[in-house]
Amino acid sequence: MAAGSLGDFVVKRADGVFSYQLAVVLDDAAMGVTDVLRGADLLDSTPRCSSARRSVCSRRLTTTCRCSAHRTAAGCRSATAA
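Asks: Go over the layout of surface pockets with me, naming the residues and quoting the values.
Replies: If you add up the space inside the largest pocket, you get close to 280 Å³. Per element, the largest residue contribution to the lining of the largest pocket is 5 residues, and it comes from helix α2 (residues 46-56). Each residue belonging to the lining of the largest pocket can be placed in one class, and the counts come to 5 nonpolar, 4 polar and 7 charged.

Shown next as structure tokens:
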């Protein structure tokens, strides 16, 4: 993504809930996270998370990585499987 092409994005929804991008960045910063590994299903969120992190946290991530989500035999993401 070209620098400056991200544009604005929602950080707090109309119902008062904070966005995933802001929540995860603040949570990571509070816990001192230096390496991030999240599912590839969140790949679209990466530029927004990176932008939010640069805005609210001076500490840089050492590693950011996305991987394929683990799926059950039924094809459901294991994180959401009952």
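Asks: Report on the environment of Arg53, specifying residues and quantitative values.
Replies: Position of Arg53 among the secondary structure elements: in helix α2. A residue is classified by how much of its surface remains accessible, and Arg53, at 7% relative accessible area, is buried. With residues up to four places along the chain from it excluded, the contact list for Arg53 reads Val25, Asp28, Ala29, Val33, Arg59, Arg60 and Leu61.

Asks: Explain the pattern of salt bridges to me, using residue names and the numbers behind them.
Replies: Under the counting rule described, the total for this entry stands at 1 salt bridge. Taking the shortest distance from any N to any O, the salt bridge between Asp15 and Arg13 comes out at 2.7 Å. According to the relative accessible area criterion, Asp15 is exposed, its value standing at 52%. Look at Arg13 and you get partly exposed, because its relative accessible area is 43%.

Asks: I'd like a description of the packing of helix α1 (residues 20-31) against α2, backed by residues and values.
Replies: Taken N-terminus to C-terminus, the directions of α1 and α2 make an angle of 50°; their axes are 9 Å apart at the nearest point. Considered as vectors, α1 and α2 are oriented oblique to each other. For the element pair α1 and α2, the recorded crossing hand is right-handed. Only Arg48, Cys49, Ala52, Arg53 and Val56 of α2 make contact with α1, whose side of the interface consists of Tyr20, Gln21, Val24, Val25, Leu26, Asp28 and Ala29.

Asks: Go over the side chain of Gln21, please, and point to the residues and values.
Replies: With respect to the element layout, Gln21 can be found in helix α1. Taking the relative accessible area as the measure of exposure, Gln21 reaches 10% and is therefore buried. Those residues in contact with Gln21 that lie beyond four places of it in its chain are Phe9, Ser45, Arg48, Cys49 and Ala52.

Asks: Pulling in residues and values, what's your account of the environment of Asp28?
Replies: Looking at the secondary structure, you find Asp28 in helix α1. Assessed through its relative accessible area of 8%, Asp28 is described here as buried. When the C-alpha atoms of Asp28 and Leu61 are compared, they prove to be 9.8 Å apart, with 33 residues separating the residues in sequence. Not counting residues within four places of it along the chain, the set of residues in contact with Asp28 comprises Val33, Val36, Arg38 and Arg53.

Reading the values: rules and limits
Along every chain, residues carry numbers that run from 1 in the direction the sequence is written. Where local features are concerned, this predicted model is filtered to residues with pLDDT of at least 70; where side-chain atom pairs are given and counted, the filter is 80 or more; whole-chain, interface and lining totals use all residues. Only hydrogens and water are removed before side-chain values are computed, so all heavy atoms of the structure are retained for them. In this analysis the probe radius is 1.4 Å and the grid spacing 1 Å, with only protein atoms considered; a cavity is a set of points the probe fits into but cannot get out of, a pocket is an open set with protein on both sides within 12 Å along at least five of seven lines, and lining residues have an atom within 4 Å of a point. Grid points are joined across faces, edges and corners, and a volume is the space filled by probe spheres set on the points. The secondary structure listing takes helices from DSSP runs of H or I that are at least 4 residues long and strands from runs of E that are at least 2 residues long, numbered from the N terminus. Three categories are distinguished: nonpolar for Ala, Val, Leu, Ile, Met, Phe, Trp, Tyr, Cys and Pro, charged for Asp, Glu, Lys and Arg, and polar for the others, with Gly belonging to the last. Buried residues are those whose accessible area, probed at 1.4 Å on protein chains only, stays under 20% of the maximum for their type, while exposed residues exceed 50% and partly exposed ones sit between those limits. Residue contacts are counted whenever heavy atoms from the two residues lie within 4.5 Å of one another. Here, a salt bridge means any side-chain nitrogen of Lys or Arg that lies within 4 Å of a carboxyl oxygen of Asp or Glu. An axis is simply a line fitted to the C-alpha atoms; with a helix, the fit covers only the stretch in contact. Between two such axes, the angle follows the N-to-C directions and lies from 0 to 180 degrees. Every angle not falling under 35 degrees, over 145, or within 65 to 115 is termed oblique; those three ranges are roughly parallel, roughly antiparallel and roughly perpendicular. Each crossing gets its hand from how the near helix is turned against the far one by less than a right angle, where anticlockwise is left-handed and clockwise is right-handed.

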